Amino acid sequence: MHELDKKTVAYFSMEICLEQRIPTYSGGLGVLAGDTLRSAADLEIPLVAVSLAHRKGYFHQKLDAQGQQTETPEEWNPEDVLEAAPARVTVEIEGRTVHVRAWLYQVQGITGHTIPVLLLDTNLDENDAWDRTLTDVLYGGDPRYRLAQEMVLGMGGVAMLRALGYEDGVYHINEGHAALLTLVLLDRQLGSREPWEAGDADFEAVRHQCIFTTHTPVPAGHDKFPEEQVVHSLGEHLAALLSATKCCDEDGSLNMTYLALRLSRYINGVAMRHREVSREMFPAHPIDSITNGVHAVTWTSEPFRALFDRRIPEWRRDNLYLRYAVAISLEDIRQAHAAAKQSMIEDVARRTGVTLDASAMTIGFARRATPYKRADMIFSDLDRLRGIVSANGPLQIVYGGKAHPRDEGGKALIRHIFEAAHELEDAIRVVYLENYDIDLACKLTSGVDLWLNNPRKPLEASGTSGMKAALNGVPSLSVLDGWWFEGHIEGVTGWSIGGSAEPEPDETRESNDLYVKLEQVILPLFYGLPLAYVEVMRHAIALNGSFFNTQRMVQQYVRNAYFPAEGDPVPEDEEAVRS
Ligand SMILES: *Cc1c(COP(=O)(O)O)cnc(C)c1O
């Protein structure tokens, strides 16, 4: 099907955000996967990606006047937009033979190089009714459904690659959902030998092929399945193989992260801070870090694309040239941002009927609605917020974000924002936009004046929306967690909430600091010294836009993980040197 380098990288991810009309993602992980493929295509990396078709998508979010969320499926038909890959494979699930096909999407890079994406699909007449639904709902169903889904991804994916003629190269497990692919590789390695005969040389052979990126900084966030379920779903043979790896929990349950950690030669977290957190969680494993990024051209608004094309035309081909934004005039940056802000204001008016004030300081906050992200922190003291506005000048806030259908805490958070917005009606305009997706993310991250982020530490592995903002000259006000720990220079690229020393959150100190920064630093600068504010915007582009992009990130994966040069120290050696 494709001329491929022998050393193909097979990139496995439960979600991949390809484009607006294909709802195969829920949030950050999928957007990162999509941006990774776009940059890999630009860089002409020999890579093929595997995910699921997710025919019912994640969901479409509706919010009523009280902020009560309801969900409807976001259905799409792959057959309407994509061609089928010329192969079928099967996976044994719960003793049944499940047939799998794949839809082929092509991600095209700047030079025309394409990355094939295989979206696996079990909706075939040969399958029984339940099996036909396995590739329908992203993160849907119960543990039985989820495990079967992960079997389709990991095991069906490896089989599909072989059926299509891809030779074994490097397997990149992007978060634990695809970890079962390691069992297929181990099974192949053993050939006709029995599971109990598996030894270190066999594990080493599998490890040699696998790369694992972990994205979750809390143990509870890792996929886990009880032993009984595992034996029932995988069958005796694979369950025996799994226990030969000795990576199950003490109670016999399967933790996808442990499996991936055990059978990968290279493991990384997604930001410097996240590496430390991951090392504490998994002290037995050498963990490196490659900080996430975003696809620069995709996430740069039209006005800034035009400005960069004019002043630093190399930026599309080589994102490092964004560093030269230091020489763009403040007036040009001010104008490009004003145009992006106007475009967002028009979009908000179309969606909500509310017309925002183009001259008012506008804060953006959009991400998954879940308690640890603390979207309502800015509303912890409404009187204080009123006072800040009357002393310094107007403020308006634009929100977006979906709560997972079963996340009651997240749903309550959205309702609370609606309540606070109602109470503040006389003083501050607050809008909450429905159905946060990539189009909306583009508008918001480029159109607001300040990107707010205040998750409970250390729960933000990286975060990427602030990177999108930086590319568009929008500074962040954020706790020092995830990418901001390394992207923040106080008063230069944006501002911090709380200090960097304390690893644990201090809610009172953080909400106080949020108010202090707005009252004493950010609003006075915005209204009193507008050009100094634009100077911060320029630094956000030059210092952060030039680094926090997937072009740099993919190059780091190539250099450190996929194809390390001969003689490079392997992470184990580094670990030995350090300790
Ligand atoms: C960028 C993006 C995210 C991830 O943002 P975080 O800052 O990591 O929370 C989630 N959803 C959409 C639609 C995005 O575009």
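These numbers come from a predicted model, not from an experiment.

> Would you mind showing me how to read the sheet that holds strand β19 (residues 476-479) here?
Consider a sheet: its strands pair through backbone hydrogen bonds, and that pairing is either parallel or antiparallel. Ordered by their spatial adjacency, 6 strands build an open sheet running β17-β16-β15-β18-β19-β20, and the pairing between neighbours is parallel. Here the strands that pair on one side only, and so sit at the sheet edges, are β17 (429-433) and β20 (494-497). Strand-to-strand twist in this sheet, taken as the mean axis angle between neighbours without regard to direction, amounts to 20°. Where strand β16 (residues 395-400) meets β17, 5 bridges bridge the pair, whose relative direction is parallel. Note on β17: the bridge partner recorded for glutamine 396 is arginine 429. Contacts from helix α18 (residues 507-528) reach β15 (361-366), β16, β18 (450-453), β19 and β20 within the one sheet, and its direction differs from that of β20 by about 160°.

> Would you explain empty space enclosed by the protein in this entry?
The gaps of empty space that remain are located by a probe, the size of a water molecule, rolled over the atoms. Under the definition given, this model contains 5 cavities of 30 Å³ or more. The space that makes up the largest cavity amounts to roughly 70 Å³. Every residue along the wall of the largest cavity is listed here: Thr8, Ala10, Val158, Leu161, Arg162, Tyr166, Glu167, Asp168, Gly169, Val170, Tyr171 and Arg188. The greatest single-element share of the lining of the largest cavity, amounting to 3 residues, is contributed by helix α4 (residues 143-163). Of the residues contributing to the lining of the largest cavity, the split by class is 6 nonpolar, 2 polar and 4 charged. Space inside the second largest cavity adds up to approximately 50 Å³.

> Would you mind showing me how to read the site of the ligand here?
For the ligand, the set of nearby residues contains 14 residues, the closest of which are Ala441, Gly463, Thr464, Ser465 and Lys468. Separating an oxygen atom of the ligand from a backbone N or O atom of threonine 464 is a distance of 3.0 Å. One of the side-chain N or O atoms of lysine 468 is found 2.6 Å from an oxygen atom in the ligand. Alone, the ligand offers 390 Å² of accessible surface; in the complex the protein occludes 93% of this. When residues of the shell around the ligand are traced back to their parent elements, those giving at least two are α1 (28-42), α15 (438-447) and α16 (465-471). Here the shell around the ligand is built from residues that sort into 5 nonpolar, 5 polar and 4 charged.

> Any chance you could explain the environment of leucine 32 here in plain terms?
Of note, leucine 32 is situated in helix α1. Sequence separation of leucine 32 and asparagine 174 is 142 residues, and the distance between their C-alpha atoms is 10.0 Å. In contact with leucine 32, other than residues within four places in its own chain, are His215, Asn292, Gly293 and Met553.

> Is there a simple way to think about the domain arrangement of the protein chain in this case?
How big an interface is tends to be expressed through the accessible area that disappears when the partners come together. The domain architecture assigned to the protein chain consists of domain 1 (9-289) and domain 2 (296-548). Here the C-alpha centre of domain 2 lies 32 Å away from the C-alpha centre of domain 1. At the junction of the two partners, domain 1 supplies 34 residues and domain 2 supplies 34 residues. Between domain 1 and domain 2, a total of about 2800 Å² is buried, with carbon and sulfur atoms accounting for 55% of that surface. Counting the surface domain 1 buries against domain 2, the share from its top three residues, Gln20, Gln61 and Arg273, is 21%. Our count for the contact surface shared by domain 1 and domain 2 stands at 2 salt bridges. Its salt-bridge partner being glutamate 71, residue lysine 411 comes within 2.9 Å of it at the nearest N-O pair. Scanning the region where domain 1 abuts domain 2 turns up 15 residue pairs in polar contact (both at pLDDT 80 or more). Within the residue set of the side of domain 1 that touches domain 2, elements represented by two or more residues are α1, β3 (60-63), β4 (69-72) and α9 (272-281).

> Honestly, the packing of aromatic side chains in this entry has me stumped. Any pointers?
Any pair of aromatic rings gets described here by the distance separating the centres and the angle formed by the planes. Under the criterion given, the structure shown has 19 aromatic pairs. When the ring of phenylalanine 12 is compared with that of tyrosine 171, the centres are 6.2 Å apart and the planes differ by 50°; the resulting orientation is tilted. Here tyrosine 171 lies in strand β9 (residues 170-174) and phenylalanine 12 lies in strand β1 (residues 9-13), a separation of 159 residues in the sequence. Each ring, one from phenylalanine 308 and one from tryptophan 315, has its centre 5.2 Å from the other, and the planes form 70°; the classification is edge-to-face. Looking at tryptophan 315, the relative accessible area reads 0%, which means it is buried. Among the aromatic residues, those joined into a cluster by ring pairs are Phe365, Phe379, Tyr399, Phe418 and Tyr432. The aromatic ring of phenylalanine 203 is capped on one face by arginine 262, whose charged end is 4.5 Å from the ring centroid. Sitting over the face of the ring of phenylalanine 365, arginine 367 holds its NZ or CZ atom 4.8 Å from the ring centroid.

What counts and how
Every chain is numbered on its own, with residues counted from 1 as its sequence reads. In keeping with the model being predicted, local features are shown solely for residues with a pLDDT of at least 70 and side-chain atom pairs are shown and tallied solely at 80 or more, while totals for entire chains, interfaces and linings include all residues. Side-chain metrics in this entry use all non-hydrogen atoms of the structure; hydrogen atoms and water are not considered. The rule for pairing is simple: two strands pair if DSSP sees at least two bridges between them. Each helix is a run of H or I in the DSSP string that is no shorter than four residues. Each strand is a run of E no shorter than two, and both are numbered from the N terminus. The axes are straight lines fitted to the C-alpha atoms, using for helices just the contacting stretch, and the angles between their N-to-C directions are given from 0 to 180°. The criterion used for residue contact is that any of the two residues' heavy atoms lie within 4.5 Å. Two kinds of site are reported from a 1 Å grid over the protein atoms alone, namely cavities, where a 1.4 Å probe fits but cannot get out, and pockets, open sets with protein on both sides within 12 Å along at least five of seven lines, and residues are called lining when an atom falls within 4 Å of a point. Grid points are joined across faces, edges and corners, and a volume is the space filled by probe spheres set on the points. Gly counts as polar in this scheme, as do all residues outside two lists: the nonpolar Ala, Val, Leu, Ile, Met, Phe, Trp, Tyr, Cys and Pro, and the charged Asp, Glu, Lys and Arg. For this description, a residue counts as near a given molecule or strand if any of its non-hydrogen atoms is within 4 Å of it. For the purposes of these results, a polar contact is taken to be a pair of N or O atoms within 3.5 Å, where, inside protein, one atom must be able to donate a hydrogen and its partner to accept one; residues adjacent in sequence count only when each atom of the pair is a side-chain atom. For the area figures, the Shrake-Rupley method with a 1.4 Å probe applies, and any residue is considered shielded solely by the protein chains shown. The domain limits used here are those given by an automatic or database domain assignment. Buried area, as used here, totals the accessible surface that two parts lose on assembly, with accessibility defined by a 1.4 Å probe and the loss added over both. Any Lys or Arg side-chain nitrogen found within 4 Å of a carboxyl oxygen on Asp or Glu counts as a salt bridge. Any two rings among Phe, Tyr and Trp, with Trp reduced to its six-membered ring, count as a pair given centres within 6.5 Å; such a pair is stacked if its planes are under 30 degrees apart, edge-to-face if over 60, and tilted if neither. Burial classes follow relative accessibility: with a 1.4 Å probe on protein chains only, a residue under 20% of its type's maximum area counts as buried, one over 50% as exposed, and anything between as partly exposed. Whether a charge sits over a ring depends on NZ of Lys or CZ of Arg being within 6 Å of the ring centre and within 35 degrees of the ring normal.

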